[in-house]
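If you want the building blocks of each chain, they are given just below.
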Number of protein chains: 2
Amino acid sequence: MNIKRFKASRYELIEVARGRRAADVVLCGGHVINVYSGEYVPYNVAIYKDRIAYVGPREVGVGEQTRIIDVTGKYLSPGFIEPHAHPWVMYNPISLAEKVVPLGTTTIVNDNLFFYLHLGYDGTVEMIDQLSALPLNQLWLARVVSQSEFPEERSWFEAQQVQKLLEHEDVIGTAEITRWPIVYEGDPFAIETVEYAKKLNKISDGHTAGCSYDKLNAIVAAGIDACHEAITEEEALNRLRLGMWTTLRNSSLRPDFPSLLPLVVKGAVDTRRVLMTTDGPNPSYIARNGFVDGLLRQAVQAGVDPMKAVQMVTINAAQYLKLDDTIGGIAPGKRADILVLPDLETFVPERVFIAGKEVAKDGRLLAPLPAIDWNRFISRKPLTVSPAVLQDLRLYRPRADGMTPVIQFISNVITKRVDVALPSSEGLVDISAEPSMLYAALIDRQGKWVVQGIVANFASEIEGMASTYNTTTELLVIGRDPAAMALAAQTVREMGGGIAIAERGAVVLKIELPFLGMMMTDSFEQTVEAHERLLAAVRARGFTYGDLLYALLFLTCDFLPGLRLTPLGLYEVKTGTLVRPREHLNVSQWTGR
Amino acid sequence: MNIKRFKASRYELIEVARGRRAADVVLCGGHVINVYSGEYVPYNVAIYKDRIAYVGPREVGVGEQTRIIDVTGKYLSPGFIEPHAHPWVMYNPISLAEKVVPLGTTTIVNDNLFFYLHLGYDGTVEMIDQLSALPLNQLWLARVVSQSEFPEERSWFEAQQVQKLLEHEDVIGTAEITRWPIVYEGDPFAIETVEYAKKLNKISDGHTAGCSYDKLNAIVAAGIDACHEAITEEEALNRLRLGMWTTLRNSSLRPDFPSLLPLVVKGAVDTRRVLMTTDGPNPSYIARNGFVDGLLRQAVQAGVDPMKAVQMVTINAAQYLKLDDTIGGIAPGKRADILVLPDLETFVPERVFIAGKEVAKDGRLLAPLPAIDWNRFISRKPLTVSPAVLQDLRLYRPRADGMTPVIQFISNVITKRVDVALPSSEGLVDISAEPSMLYAALIDRQGKWVVQGIVANFASEIEGMASTYNTTTELLVIGRDPAAMALAAQTVREMGGGIAIAERGAVVLKIELPFLGMMMTDSFEQTVEAHERLLAAVRARGFTYGDLLYALLFLTCDFLPGLRLTPLGLYEVKTGTLVRPREHLNVSQWTGR
């Protein structure tokens, strides 16, 4: 798409600004939220093709064909920017756009994680190119590594391919490196890739959860530009002081605003490098709380000055993205991404203009969504594990071997290792006497290996749940009953990806995630409905945390504290210990063990 | 030089930040002026090679060879940035650096005007490359047009050459287009060149003196990023509201701070896009008032918050220049351009570090200056006008032809046209009965043409003054007495460029400007001394304005109000009228007229 490429020429804009050519649209009578000067200015705005041509007190550019829209009493805001989105939380980039464009988000910066893992360079580029037909500014960040190391990683995240991806006009930098210690350790591939992004004048998003002030110095020295993982005011201040673009997060997984916003409310720090993000909330959260508009509502309600809040999601973000020549403010020559807001409290736009087109009005999307043939995109990790393998109930129970390391959930996503003496039967661990525990197995999509473990305090009444929705994209199976686990796993296998819950010989919940086993291809509303069913199902079976999707996602990562099921094996993150390596699923070996 | 290229690698910085490699210098005990967070933070700073490796409370990076400098009670400031310099006001880029580096200016963005006019593409690039050896960050802006149209202009400012210049790593954008109406009129060359700069991710500096708010819209729509020509608070606010980087000027020519600073002092506007500039002050002004340090002193004395003031000459400027990843703040990975300031009032640094090297201490320059062989640079406009032509006293008096249009000085640089009935002798205007008037002639360097006029209220007792210091680089001759004018002109011709004053048959002042007829090649101190002599000489002869150099410079421009001597002829700017075209100096024709 190239956000910097315009339909309106400079010559035409000059003519409109001079009153010698008619504008397409003139918004009259409103107050411009001027993020440059920090004022609310009673100015009219003339739009020509996809750009702004005039901003000022006169009615410049009004011709016979000009559409004049009276916005008296309203505010005109630059379109909202989400600088850190994960467009794969059951919704997909299209259904997400369908929802958030009417809410005023006009630019979204997407993580490419699962697209790249499944589709590689060629498929990712094809996807990016097809999605450029969406009615909002769709930009991308390219992952440098996965969120959970796997043996083939070096060849999948290969320098030439990642660099080529970074050169794509819609890819504006490197995505968060959740495994940030590799940056701290000076991993050459990570360092060189970040440096390559700089050479291209692109950014490097960051992720430094729990990183101490001193360690942050090394991360910043390595060239990481931003972090959205501060969870206290002090952590946010640390990042700001080191010159990082400090992104305050309020997500379904981590509603961090209450502890972060005091930094901004107090007014003691300069907010020019403060941003805000929803950081990939689950579908229901967006349905209830909105998207960037929700961040603004929450921030202003918490006492943040509305101007500062709007700046955070417009000009500050644009500056971070190195796109402030193009978006982030209402001025001549800029892309005509403009919202008509009724007030400075709700932040729900009455009208949304993107690139000069009115794409939404009163919450309704007016622009057509592109029809993408999802089936064109073939995963390089097809879900081909043999049903025979999934049928073997021993697949789901770890071998009994002295004390059993248990993955004990502390929160939605944080776990700790507890070593427990558990009884065994047939040489395998037996949890039937432990009501808080479940079996868990991560099974290679092609059936080549399995990693087994025991989880505690997750959702004790789940008999069998299987999910391709997890950060490794493998098949994750959890439950009390190996037979129900096998049935859930078979069900997901038959769907080609998704989430299933089985109990007492029946499948009780079935959510198809046809796109890469992570995303629905339905409307946003249908996605919310499915997510609600899923959440209700697991809650009814003892899941007490807020966000199941992130619990599944990060159970298989290798960067958050605790014990994890990763593609390398049962892994203790803090000590970097592979507690039990994965087992090969050569059927004969397996049968023979 | 490429300011983005570093000696210290990311790996080395990480190691220093982790305490595994010794820093070269650690500044201990001071307060960092943190332009990101807007705070004064008691932090130590570790420098490794040319970059900052650690900023924080601990003494990280102290090894056996590390130089520890105690800066207790001092402030550590990012180096000052002058985003709009004219390094040719009798001083040259080297003598200017000699003076301003000890005053804390670590980055200077130069106008290439006279280098390009004289040396063309090849010579300008050679000059830029040689000057990259200076101990400060020397960046350049490329002119798109001259300051006074001349017939050969199209071929001299030819698209391919200007674009090639823009591609040079030290050229960060297009320079001010003083003839801004060409932008307003949509001049294709200007528009395409600005667009080309954008394509290269470079900036376009502006100059929109006297431009109305509505007209500014067209200029901004054309892609101009900044303007330093606001002279009232309202004009500055207009620019800010249109998203322009608004550069507040306080120069020898225009001390505009008193009318501009209230905008910032009141605190009603966001200052993130407010910058400051000295805009090419004369040598004596710098000697008396300093450079960027002087702007800070004056601003803070006028009531500007010191943090906001420092931000304006550091991070704000860096952001405008698209260099905030590299300069403008004290953070890991950034270029180690750091000043040790005694307080937040004087702003005169005790120590200046540029790229990690201590280049000045207590006002003394420690770094060596490059020795440039100025004679290598041959002007494409050699001063070859024949002495025989200069001898002809008719050269200096306009033909009598009805009412005489007189260039009446109103200020240093503003003139107005007054048509006066003047007596004549020998068919030429005679001013002997008009004590306020002088003859004036602009003579082509090669003697091909002349433009004649009468000036009033300039310096009535000058008998003859000649100067190659003017914006056309031609030979400008002014005086009451054609014989003295001829002598002054001959003297400048013999020097190969400079300024001379003659009276009663003797040369009474002679300042050689050996480099391109605009610049001395001596030390800054010697340049000040020469400038003082010049100013004293013209003041003694009736010059009452502040800045003679700018009076000379702009008498021959075609973008400031009034009547002007330009290479096309006697020109009235407001109406765009060529009042009298230039006359060809074919000797036979001339003699015969």
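Residues numbered from 1 in each chain as written. Chains lettered and ligands numbered in written order. Predicted model: local features only at pLDDT ≥ 70, side-chain atom pairs only at ≥ 80, totals over all residues. Heavy atoms only, no water.

Test applied: UniProt positions are given in the numbering used here, feature names are shortened, and annotations may be inferred rather than shown by experiment.
Taking an unreviewed UniProt entry as the reference, chain A is identified by name as adenine deaminase belonging to Hydrogenibacillus schlegelii. Under Sequence similarities (unreviewed entry), UniProt gives the following word-for-word description of chain A: "Belongs to the metallo-dependent hydrolases superfamily. Adenine deaminase family." For the record of chain A, the UniProt heading Catalytic activity (unreviewed entry) holds the text "adenine + H2O + H(+) = hypoxanthine + NH4(+)".

## Let's talk about the overall build of chain A
To be explicit about the condition: Secondary structure follows DSSP: runs of H or I at least 4 residues long count as helices, runs of E at least 2 residues long count as strands, and numbering of each begins at the N terminus. Radius of gyration: C-alpha atoms only; globule rule: 2.2 Å multiplied by the number of residues to the exponent 0.38. Each residue is placed in one exposure class: buried if its accessible area under a 1.4 Å probe, protein chains only, is under 20% of its type's maximum, exposed if it is over 50%, and partly exposed if it falls in between. It only takes one pair of heavy atoms within 4.5 Å for two residues to be counted as in contact. Reported accessibility uses the Shrake-Rupley method at a 1.4 Å probe radius. Residues are deemed covered only where the shown protein chains occlude them. In this count, Lys and Arg are taken as positive residues and Asp and Glu as negative ones, while His and the chain termini are left out. Lysine's charge is taken at NZ, arginine's at CZ, aspartate's at CG and glutamate's at CD.
Each helix and strand in chain A was counted, giving 20 helices and 33 strands. The globule rule puts the C-alpha radius of gyration for 593 residues at 25 Å, and the 25 Å found for chain A is close to it. If you line up chain A on its principal axes, its C-alpha atoms span 85 × 50 × 45 Å. Across the 593 residues in chain A, those meeting the buried criterion constitute 67%. Put simply, 70% of the contacts in chain A that link residues at least 6 apart link residues at least 24 apart. Accessible area for chain A stands at about 18,900 Å²; split by element, carbon and sulfur atoms hold 49% of it. Taken together, the 60 basic and 69 acidic charged side chains of chain A have centroids lying 2 Å from each other.

## Remarks on the pattern of salt bridges
Here the idea is simple: oppositely charged side chains can pair when their charged atoms come close. All names here are of chain B. Filter applied, for reference: The salt bridge definition used is simple: a Lys or Arg side-chain nitrogen within 4 Å of an Asp or Glu carboxyl oxygen.
Under the counting rule described, the total for this entry stands at 74 salt bridges over all chains. Ionic pairing is found between Glu 358 and Arg 351, a salt bridge with its closest N-O pair at 2.9 Å. We classify Arg 351 as buried; its relative accessible area is 18%.

## Concerning helix H3 (residues 113-131) of chain B
Along an α-helix, residues three or four positions apart point the same way, because every turn accommodates 3.6 residues. Residue and element names in this part refer to chain B. Rules: Expected helix span is given by 1.5 Å per residue-to-residue step, counting one fewer step than there are residues. Take the seven residues that end at a residue and the seven that start at it, fit an axis to each, and the angle between those axes is the bend at that residue.
Taking 1.5 Å of rise per residue, 19 residues should cover 27 Å, yet H3 covers just 16 Å from first to last C-alpha, more than 12% shy of that figure. Within H3, the axis deviates most sharply at Gly 120, by approximately 125 degrees. A large share of H3 lies buried, amounting to 15 of its 19 residues.

## Considerations on the relation of the copies chain B and chain A
Rule in force here: In superposing the copies, a least-squares fit is computed on C-alpha atoms, taking residues whose pLDDT is at least 70 in both.
For the pair chain B and chain A, the superposition axis carries a translation of 0.0 Å, the fit reaches an RMSD of 0.0 Å, and the rotation angle comes to 180 degrees. Given the turn and translation reported, the copies of this chain are related as if by a two-fold rotation axis. When the interface residues of chain B are mapped onto chain A, 100% of them are again interface residues, pointing to one common binding face.

## Side note on unusual backbone geometry
Residues other than glycine predominantly adopt negative phi, and peptide bonds predominantly adopt the trans conformation. Residue and element names in this part refer to chain A. Phi at Asp 279 is positive, roughly 50 degrees, even though this residue is not glycine. The residue Asp 279 is located in the loop between strand S15 (274-277) and helix H12 (283-289) in this model. Judged by relative accessible area, which is 9%, Asp 279 ranks as buried.

## So, the UniProt feature "domain: Amidohydrolase-related" (unreviewed entry) in chain A
Here the UniProt-annotated "domain: Amidohydrolase-related" (unreviewed entry) positions come out as residues 75-359 of chain A. Here residues 75-359 of chain A runs as 39% helix and 18% strand, with 18 Å between its end C-alpha atoms.

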